[in-house]
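# Summary of the model geometry
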Amino acid sequence: MFTRPFTAICQKSGETKALQISIPDGKEKALEAAKELLPDQKIIALIPGQHAPNVYTYDAQSGKDNVSVDTGGPWPDNCVPGF
């Protein structure tokens, strides 16, 4: 089976990383092969080519955003009418 290099963006326990893998081309075949190759990872994206050394990844947030803070809306209360 013909394979080509891909950069896999994947996550595990909130940690995001870019890995170089060799898998078949085609959207469904590539995803299936990546899941078999990286069974403990959540596949976020598959990018054709070798980009892993040049990719910046950012870990997922560990908790929920604090939505209990009231910012007072989009405008300050002291704006003049028609501002």
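Anyway, here's the lowdown on the structure attached to this text. It should be emphasised that the depicted structure is a prediction, and the values quoted were computed from it without experimental measurement. (Residues numbered from 1 in each chain as written. Predicted model: local features only at pLDDT ≥ 70, side-chain atom pairs only at ≥ 80, totals over all residues. Heavy atoms only, no water.)

Moving on, we get to the pattern of salt bridges. Counted under the stated rule, the structure contains 2 salt bridges. With a closest N to O distance of 3.0 Å, Lys12 and Asp40 form a salt bridge. One end of the pair, Lys12, is in strand E1 (residues 4–12); the other, Asp40, is in the loop between helix H1 (27–37) and strand E3 (42–48), and 28 residues separate them in sequence. Overall, Lys12 belongs to the partly exposed group, its relative accessible area being 39%. (Salt bridge = Lys/Arg side-chain N within 4 Å of Asp/Glu carboxyl O. Helix = DSSP H or I, 4+ residues; strand = E, 2+ residues; numbered from the N terminus. Buried < 20%, exposed > 50% of the residue type's maximum accessible area, 1.4 Å probe, protein only.)

This next bit is on H1. Residues spaced three or four apart along an α-helix face the same direction, because each turn holds 3.6 residues. Considered for burial, the residues of H1 that qualify are Ala30, Ala33 and Ala34. The buried residues of H1 occupy one face: seen down the axis, they fall within an arc of 100°. Every exposed residue of H1 that faces more than 90 degrees away from the buried side is listed here: Glu28, Glu32 and Glu36. As for H1, its buried residues are in contact with E1, strand E2 (15–23) and E3. (Arc of directions from axis to C-beta. Contact = heavy atoms within 4.5 Å.)

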